[in-house]
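# Close look at the chain arrangement
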Amino acid sequence: MEVSSSRAKVSIRALVILGVVALCVYLVDQIAKVLVVQNLYEGQTIQVLGELLQFHFVKNAGAAFSIGEGSTWIFSIVGVAVLGFVIWYAPRIRSIAWAILFGLLLGGLLGNLTDRLFREPGFGVGHVVDFLQIPLLPAIFNLADVAIVSSMALFLILTIRGIGLDGKKASEVEEEEAELEAQEAAGQTPGEPGEPAQTDTTQGSEEQPKS
């Protein structure tokens, strides 16, 4: 019972972190887009850090970084599907790092999906507000795109390091499984290493040698 209770607490903590990260990403993205729409006209460019960072307001009918323009409704359907998968998969997360990853992904997806569903020219085919431009990328993007790409980068890091959804490395899990198998083979109760197996001594105590 204690083990299951501990796992439940870790799951709740991970879900809370995931939700907080997703909410922060979503709010920052939407507030930034509102400010851009209210203060810039479409096509306007403002240098923030010279040519290193510019605000260039455009409306994107495609996916992240202006990919696939003209297929907005397809990306809307894909976005809803991925969003459903993230929500369905979230309860399995036990790691803080994976919770942050899924929070970034969820917040970014919600940010761009909101644009596609509720912005002009219509429901499901709305154009995403993009306004960030840097010399390294030819495309213009937004903060939701940054969150999505950051989640992918974190995914690669966690995968390369072999860290699972429970926060443990594959080698650690294998060691724990091997230890449990060794305990079971030795007749010990799993989770109580070092305790000798209990044997039935009743029969031996009842049989006393006759004088």
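In this text the structure is predicted, and so the values were computed from the model without any measurement.

Each value, and the rule that gives it
- Residues numbered from 1 in each chain as written.
- Predicted model: local features only at pLDDT ≥ 70, side-chain atom pairs only at ≥ 80, totals over all residues.
- Heavy atoms only, no water.
- Core = buried A, V, L, I, M, F, W, Y, C linked by side-chain atoms within 4.5 Å.
- Buried < 20%, exposed > 50% of the residue type's maximum accessible area, 1.4 Å probe, protein only.
- Helix = DSSP H or I, 4+ residues; strand = E, 2+ residues; numbered from the N terminus.
- Contact = heavy atoms within 4.5 Å.
- Pairing = 2+ DSSP bridges.
- Axes fitted to C-alpha atoms, helices over the stretch in contact; angles between N-to-C directions.
- Patch = residues over 30% accessible without salt bridge, like charges linked within 9 Å, V, L, I, M, F, W, Y side chains within 5 Å.
- Areas by Shrake-Rupley, 256 points an atom, 1.4 Å probe, with all protein chains shown as cover.
- Salt bridge = Lys/Arg side-chain N within 4 Å of Asp/Glu carboxyl O.

## Quick notes on the nonpolar core
Of all hydrophobic cores here, the largest spans 21 residues; its most connected members are Leu18, Val86, Ile93, Trp98, Phe102, Leu106 and Leu165. Where this core is concerned, the elements lending two or more residues are helix 1 (2-39), helix 2 (72-89), helix 3 (96-118) and helix 4 (143-161). Contact partners of Leu165, with chain neighbours within four places excluded, come to Tyr89, Arg92, Ile93, Arg94, Ser95, Trp98 and Phe102. With eight residues, the next largest nonpolar core counts Val36, Leu40, Phe131 and Leu132 among its residues.

## Re the sheet that holds strand 3 (residues 128-133)
Within a beta sheet, neighbouring strands are joined by backbone hydrogen bonds and run either parallel or antiparallel to one another. The antiparallel open sheet is built from three strands, whose spatial order is 1-2-3. Both outer strands of the open sheet, strand 1 (45-47) and strand 3, are each paired with one neighbouring strand and no more. Across the sheet, the mean angle from the axis of one strand to that of its neighbour is 25°, orientation sign disregarded. Strand direction decides the pairing type here: strand 2 (residues 54-60) and strand 3, joined by five bridges, are antiparallel. Bridge pairing in strand 3 links Asn60 to Val128.

## Some thoughts on a nonpolar patch on the surface
A contiguous nonpolar surface patch, about 380 Å² in accessible area, is contributed by Leu23, Leu27, Ile31 and Leu35. Checked against the element boundaries, Leu27 lands in helix 1. Owing to a relative accessible area of 42%, Leu27 belongs among the partly exposed residues under this scheme.

## Some words on the pairing of strand 2
Along strand 2, five of the seven residues are buried, which leaves the element largely enclosed by surrounding structure. Between strand 1 and strand 2, which pair antiparallel in sequence order, lie six residues; one of them, Gly50, sits at a positive phi of approximately 65°.

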